[in-house]
Amino acid sequence: MLLSNSRCILLNLYTFSPATFFKHLTPNNKPTTLCHRKTTVKSLATLSHFRTLSSRQRHQIHLYVHAILQWNKRMNLTAVKDADEVMERHVEDSLAILPPLRDCYRTRCGGAPSHEKLSLVDVGTGAGLPGVVLAIACPEWEVTLMESMNKRCVFLEHVVGIIGSSNIQIVRGRAESLGQNHCFREKFDIAVARAVAEMRVLAEYCLPLVRVGGLFIAAKGHDPEDEVKKAESAIQKMGASLLQVCSVDSRSPYGQRTVVICSKDRSTPMKYPRDPGTPAKEPL
């Protein structure tokens, strides 16, 4: 089972004082409420993936979107200021990852990801995208959110509390350091990343965390061909191979989206990932 060594969890889960928590809890020190402004009927009609969720899951999504907008008044979570746009640009875009993820896992890994207790890590999750959305959509999965900034971890802890998800774990730290930690190295069935870095950097961040036989999935823009080509060497050095580049059905106003899927074929050499900061400064 994922992260069975409790001492490892204690070493890597973020910690903060009660004073720190309440400092960031709500904008202008106003108490948090569970009410939220729902997106318009017109907007919801266009969200094909959102409509497949249960009523409870949709309610959890609304609570999450409300939390993003409220906390965004005090910290930089997203440039988006409107609930409808959060739904389209972030939530629907995150849900669009699921169909190719499920299909590829079923074909490549021989499992039925809709029912298995898969372990998934969202690297550089930021405001929890796509990890929180995937955890809501797939409550059977064990989802780990990796984030290096403490104040964002405080926000994520708040989100987990209000949506009532028991399948989410938050880990504070840099991917380069956690990838060398035996509690996390090659422990996950799937690693995902969205809007974190270019592919050759993402490969070094994410693939050391994926078990042999697992998948690494990167959400990209409409035309990542050159970026993917530059990353082929880095992907191979991490012990993986490029499996699929496919367009996804996203309602994002920024055009067609693409999912890049890599298969972990063998163990990543121990020299990877390199020291924190090196992958971004000196891409493979």
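Cut-offs applied
Residues numbered from 1 in each chain as written. Predicted model: local features only at pLDDT ≥ 70, side-chain atom pairs only at ≥ 80, totals over all residues. Heavy atoms only, no water. Helix = DSSP H or I, 4+ residues; strand = E, 2+ residues; numbered from the N terminus. Buried < 20%, exposed > 50% of the residue type's maximum accessible area, 1.4 Å probe, protein only. Contact = heavy atoms within 4.5 Å. Polar contact = N/O pair within 3.5 Å; in protein donor to acceptor, adjacent residues only side chain to side chain. pLDDT = per-residue confidence, 0-100. Core = buried A, V, L, I, M, F, W, Y, C linked by side-chain atoms within 4.5 Å. Salt bridge = Lys/Arg side-chain N within 4 Å of Asp/Glu carboxyl O.

Looking at an unreviewed UniProt entry, one finds the protein named Ribosomal RNA small subunit methyltransferase G, with Arachis hypogaea as its source organism.

Attention now goes to the overall build of the protein. Across its full length, the protein holds 12 helices and seven strands. Taken across its 284 residues, the protein has 54% of its residues classed as buried. Residue pairs in contact within the protein that sit at least 24 positions apart in sequence constitute 73% of those at least 6 positions apart.

The element helix H5 (residues 83–95) is extensively covered by neighbouring structure, given that 10 of its 13 residues are classed as buried. Within H5, the full set of buried residues consists of Ala-83, Asp-84, Val-86, Met-87, His-90, Val-91, Glu-92, Asp-93, Ser-94 and Leu-95. Two or three places before Asp-84, at the opening of H5, Asp-82 has a side-chain oxygen 2.9 Å from that residue's backbone nitrogen.

This paragraph deals with the side chain of Glu-204. Summarising the element assignment, Glu-204 is placed in helix H10 (residues 199–206). Looking at Glu-204, the relative accessible area reads 1%, which means it is buried. Among the polar contacts listed, one links the side chain of Glu-204 to the side chain of Arg-274, at a separation of 2.8 Å. Excluding residues that lie within four positions of it along the chain, Glu-204 makes contacts with Met-238, Tyr-272, Pro-273, Arg-274, Pro-279 and Leu-284.

Bringing the confidence of the model for the protein into the picture now. Parts of the model with low pLDDT should not have their predicted coordinates read in detail. The pLDDT averaged across the protein works out to 83; a share of 79% of its residues lies at or above 70. Note that pLDDT drops below 50 for residues 1–12; the model gives that stretch 18 contacts with residues more than four away or on any other chain. Within the model, pLDDT remains below 50 along residues 14–45, and this stretch shows 58 contacts once partners closer than five positions in the same chain are excluded.

Attention now moves to the nonpolar core. Soluble, globular proteins show a tendency: their nonpolar side chains are buried together. Ranked by size, the top nonpolar core spans 57 residues in total, and within it Ile-61, Tyr-64, Phe-155, Ile-163 and Ile-190 carry the most contacts. If near-sequence neighbours (up to four positions away) are discounted, Ile-61 is found in contact with Phe-50, Leu-53, Met-87, Val-91, Val-133 and Ile-136. Met-146, Phe-184, Ala-218 and Val-228 belong to the second-largest nonpolar core, a separate cluster that totals 31 residues.

Position of Thr-52 relative to the elements: it lies in the loop between helix H3 (41–45) and helix H4 (55–71). We classify Thr-52 as exposed; its relative accessible area is 65%. Separated by 43 residues in sequence, Thr-52 and Leu-95 have C-alpha atoms that sit 10.0 Å apart.

Attention now moves to the pattern of salt bridges. Scanning all chains against the criterion turns up 11 salt bridges. The salt bridge involving Arg-174 is made with Glu-176; its shortest N-O contact spans 3.1 Å. Assessed through its relative accessible area of 40%, Arg-174 is described here as partly exposed. A residue is classified by how much of its surface remains accessible, and Glu-176, at 3% relative accessible area, is buried. The shortest N-O distance in the salt bridge between Glu-204 and Arg-274 comes to 2.8 Å. Here Arg-274 lies in the loop between strand E7 (257–264) and helix H12 (278–281) and Glu-204 lies in helix H10, a separation of 70 residues in the sequence. Like Arg-274, Glu-204 is buried. The structure contains a network of salt bridges with shared partners spanning Asp-93, Arg-194 and Arg-257.

Residue placement: Cys-104 occurs in helix H6 (residues 98–109). Linking Cys-104 and Leu-215, residues 111 residues apart in sequence, is a C-alpha distance of 8.6 Å. For Cys-104, the contacting residues outside a window of four places in its chain are Cys-109, Leu-215, Leu-243, Gln-244 and Ile-261.

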